[in-house]
Amino acid sequence: MNEYDREILKVLLEAGSVGISVQKISRHVYNSCNSFFNPIVFQDVHDYVLQYLQRNSKSDASLIVRATQRGIYKLNLDNQESRQLMLKFQEARAQAEQQPAAIASDLSLSLFDED
C-alpha cells in the first residue's frame with residue numbers, strides 16, 4: 001500500500017460517518033508526507049488524492065463512498081474491507097500508544113537521585 005493511500009484511509013477513518021472534503025484530505029496527506037529531504041508539490045498530492053477517491057468510490061459496494069454533499073467522501077461502513085481496515089488501524093493505534101509509555105519510563109532520569 002502506498003504511503004499516500006495509507007494516509008488517505010487514516011483520514012477517512014478518523015472522519016467517521018460524517019466524511020471529509022477532498023481539500024482537507026489533500027492537506028493532511030501533504031503535511032504528513034512532505035519533508036525537508038523529500039519535498040512534494042501540493043497540487044500533485046491533491047490530484048493523486050482526487051483520483052484515488054474517484055477510482056475507489058465508483059460503486060455502492062466500494063471501500064469509499066461519496067457523501068450527500070459534493071466533494072465529501074467517507075468510508076463505506078457496509079463494506080467488509082472497510083470494517084477490516086478499521087480493526088487494523090485500531091490495533092496499530094493501540095500498539096503505538098503503548099510503545100511511547102514504555103520508552104518514556106525507560107529513559108526517564110531522576111534529577112534528585114543520590115548516588
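As the structure is a computational prediction, the values presented were derived from the model and not from experiment.

A tally of helices and strands in the protein chain yields four helices and three strands. In the protein chain, the succession of α and β elements from N to C terminus is α-β-α-α-β-β-α. Taken across its 115 residues, the protein chain has 33% of its residues classed as buried. Partitioning the intrachain contacts of the protein chain with sequence separation of at least 6 by distance along the chain shows that 45% fall at a separation of at least 24. Of the accessible surface of the protein chain, which amounts to about 8400 Å², a share of 50% is contributed by carbon and sulfur atoms.

Turning to the nonpolar core, a few remarks are in order. Inside soluble globular proteins, nonpolar side chains tend to come together where they are buried. Ile8, Leu12, Ile25, Val29, Val49, Leu53 and Ile64 are the most contacted members of the largest nonpolar core, which has 23 residues in total. Of all elements in the fold, only α1 (3–15), α2 (22–33), α3 (42–55) and β3 (72–75) reach the threshold of two or more residues within this core. The biggest single contributor to this core is α1, with six residues. If near-sequence neighbours (up to four positions away) are discounted, Leu53 is found in contact with Ile8, Leu12, Val22, Ile25, Ile64 and Tyr73.

Further remarks concern the environment of Ser21. Tracing the backbone shows Ser21 in strand β1 (residues 20–21). Here the alpha-carbon distance between Ser21 and Tyr73, two residues 52 residues apart in the chain, equals 6.3 Å. Other than its neighbours up to four places away in sequence, Ser21 contacts Gly71 and Ile72.

Cut-offs and rules
- Residues numbered from 1 in each chain as written.
- Predicted model: local features only at pLDDT ≥ 70, side-chain atom pairs only at ≥ 80, totals over all residues.
- Heavy atoms only, no water.
- Helix = DSSP H or I, 4+ residues; strand = E, 2+ residues; numbered from the N terminus.
- Buried < 20%, exposed > 50% of the residue type's maximum accessible area, 1.4 Å probe, protein only.
- Contact = heavy atoms within 4.5 Å.
- Areas by Shrake-Rupley, 256 points an atom, 1.4 Å probe, with all protein chains shown as cover.
- Core = buried A, V, L, I, M, F, W, Y, C linked by side-chain atoms within 4.5 Å.

Geometric values such as these leave the question of function open.
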